[in-house]
Amino acid sequence: MRTHLLRVLGSALALVVLIALGWVAWLWYESRLPDTYNVMDYGSHDQGGGPVPAGGHHAGVSIAGLRGPGVGTADAKFTLTAKTATVQLASGRSVDALTFDGRSPGPELRVRQGDLVEVTLVNGDVPQGVTIHWHGVDVPNAEDGVAGVTQNAVLPGQRYRYRFQAEQVGTFWYHSHQVSSKEVRRGLFGTLVIESAKSSFDMDLALAAHTFDGVATLNANDGFQSRAVPPGTRLRLRLVNTDGTPRRFVVQGTRFLVLAIDGTNLNAPSPIENESLEIAGGGRMDIAFTVPRTPVWISLAEDDVGLAVNAGGAPRPAAEPALEFDPASYGKPTGTPFDASSRFDRRFELTIGRWPGFLDGRPGLQWTINGGVFPHVPVFVVEEGDLVHVTITNDTKAIHPMHLHGHHVLVLSRDGVPVSGSPWWADTLNVAAGERYEVAFRADNPGIWMDHCHNLRHAADGLTMHLMYAGMTTPFEIGGTTHNAPE
Ligand code: C2O
Ligand code: CU
């Protein structure tokens, strides 16, 4: 009797274990990605509570046709050649890098608002292929430079021409969007500045922060760059964070203004001091001040890396700013095309989590979006003209700089507190652990757009999804003979 009972229990247990194993095996099996796939075949289409578009105005339209102006003489023309090169940091340290034109950052591209910009990308010898994404510039979709979504990766010996009208004004950057988690880290990026016709500054510099092999740099300088600048000079600095993690910049020796975030001017900025600026991975901030008679240091917090203005070799003050700049309450409110009280056509949730699971057959702790591991993530479906509301929630212990391509979002609130200062438009929003943001945007740029974490390692590990205008298709595919791998 006793042994019989044990035997029954034993087989029941074996059955449970078998079912559990079978379930895990099935999870593993169905997590595997095919060698080649179209991004539109994956994910679950989420209509954000709006009408399910019957194909939308773009039914069956390929994004490949959404190019910039094909005719017309370019006002600003550049050729960028991607190649492997040894980059020498200011200290003499050398880095085995991937570069544009042999340098990293690549050449600074400066154009005027309204210019027709033409860039020819040549791949010299980058084996995995390259593309150029114009981070923060809301270009037509087919100029967006995402391998496998808007074009094929440009393989060694090949070239690709980008053309777009520079309609925005501000600080942007460009980088490869093929195997971006590796290529950007190794140096395939540069700054892009779109100037307005009238500038009230005497001097205007873009400074790109980047970590090469664990060494913090500003424009490839791993120490202090000193500059003598005549007192009274109106100086504008464009701070760009090309890393995946936030960078804190400190300004010592002067009061300053924060003019712009992510390429959009702030309204009525007021002078601040003793505040450090945390810039999201991929984000930008523009600051300005009038050069005083006394020294000024602009540096990366906790690193002796930066720009020393009229310091004559004096070390920067040890005490770093006690306060943290808050974009949610800086400057003054002014009218915006829509706000929190607008009627939204669609409302989406974008909740980031972390759960054990399989990513393409690999077990581990995985990033999830709305509970699913890539590719079981949502695709936000919109129609042209929609006013869209997105609630981004970070339920993980990591920071996620969320970047939506092709659009700027208006930040409405953080953790339920409405933005009280200047309108704050972002293309790369630092969503810290536990934070919750409400943002809104107008769907005014048709196409299929990436929406991902700009900690590119996280993106490669599945923190990637898409915004799709109903009915649009892409002829490009991930993987296969093209070797397209955007992350
Ligand atoms: Cu700066 Cu999807 O990129
Ligand atoms: Cu992330």
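To keep things clear, this report deals only with the structure shown in the data block. (Residues numbered from 1 in each chain as written. Chains lettered and ligands numbered in written order. Predicted model: local features only at pLDDT ≥ 70, side-chain atom pairs only at ≥ 80, totals over all residues. Heavy atoms only, no water.)

Details of the pattern of salt bridges
Just so we agree on the cut-off: By salt bridge we mean one thing: a side-chain nitrogen of Lys or Arg within 4 Å of a carboxyl oxygen of Asp or Glu. Secondary structure elements follow DSSP: runs of H or I of four or more residues count as helices, runs of E of two or more count as strands, with numbering from the N terminus. The classification of residues rests on relative accessible area computed with a 1.4 Å probe and restricted to protein chains. Under 20% of the type maximum is buried, over 50% is exposed, and intermediate values are partly exposed.
Scanning all chains against the criterion turns up 24 salt bridges. Note that R163 and E118 form a salt bridge whose closest N and O atoms lie 2.4 Å from each other. In this pair, R163 is assigned in strand β8 (residues 159-165) and E118 in strand β6 (residues 116-123), connecting sequence segments 45 residues apart. Here R163 falls in the buried class, since its relative accessible area comes to 5%. A salt bridge links E383 to R346; its shortest N-O distance comes to 3.9 Å. Of this pair, E383 sits in the loop between β25 (378-382) and β26 (387-394) while R346 sits in strand β23 (residues 346-359), placing them 37 residues apart in sequence. In this pair, the class of E383 matches that of R346, namely buried. Within this structure, E108, R110, R112, E195, D204, R236, R238 and D286 form a network of salt bridges that share partners.

Concerning the nonpolar core
The criterion, for reference: In plain words, nonpolar cores are sets of buried Ala, Val, Leu, Ile, Met, Phe, Trp, Tyr and Cys residues tied together by side-chain atoms within 4.5 Å. Pairs of residues are marked as contacts when any of their non-hydrogen atoms sit within 4.5 Å.
Judged by nonpolar contacts, the single largest core of 85 residues is most densely connected at L237 and V258. At 5 residues, the largest contribution of residues to this core is made by strand β16 (residues 257-261). Among residues more than four places away in sequence, those in contact with V258 are L266, P269, I272, L277, M285, D286, I287, F325 and Y330. V111, V117, V139 and F164 belong to the second largest nonpolar core, which has 26 residues in total.

Describing the coordination of the copper ion (ligand 2)
Formally: Any N, O or S atom lying within 2.8 Å of the metal counts as a donor, with the limit raised to 3.2 Å for Na, K and Ca; because water is left out of the atom set, some sites can appear incomplete.
Protein-derived ligands of the copper ion (ligand 2) are H400 (ND1), C453 (SG) and H458 (ND1), with the metal-ligand distances lying across 2.0 to 2.1 Å. Read in sequence order, the donor residues coordinating the copper ion (ligand 2) give the pattern H-x52-C-x4-H. Remark: C453 occurs in strand β33 (residues 448-453) and H400 occurs in strand β27 (residues 400-404); sequence separation between them is 53 residues. Assigned by exposure class, H400 and C453 land together as buried.

Notes on the sheet that holds strand β21 (residues 306-309)
The cut-off we apply is this: In this scheme, strands are said to pair when DSSP sees at least two bridges between them.
Here 6 strands make up an open sheet; going across it, the order is β13-β21-β20-β15-β18-β22 and the pairing mixed. The sheet is open, and its two borders are formed by β13 (224-227) and β22 (323-324), each paired with just one other strand.

Some words on the environment of L277
By the element assignment, L277 lies in strand β18 (residues 275-279). With a relative accessible area of 0%, L277 lands in the buried category. Along the sequence, L277 and A216 sit 61 residues apart, while their C-alpha atoms lie 16 Å from each other. The residues contacting L277, other than those within four sequence positions of it, are L239, R247, R248, F249, F256, V258, M285, I287 and F325.

Focus: the sheet that holds strand β5 (residues 109-112)
Stated formally: Here, axes are lines fitted to C-alpha atoms. For helices the fit covers the stretch in contact, and angles between N-to-C directions go from 0 to 180 degrees.
Overall, mixed pairing links the 4 strands, which are arranged β5-β10-β9-β7 in an open sheet. Two strands close off the open sheet at either side, each with one partner strand: β5 and β7 (133-135). Taken pair by pair, the neighbouring strands of this sheet meet at an average axis angle of 25°, ignoring direction. Taken together, the 6 bridges between strand β9 (residues 170-175) and strand β10 (residues 189-195) define a ladder with antiparallel strand orientation. Bridge pairing links Y174 to G190 in β10.

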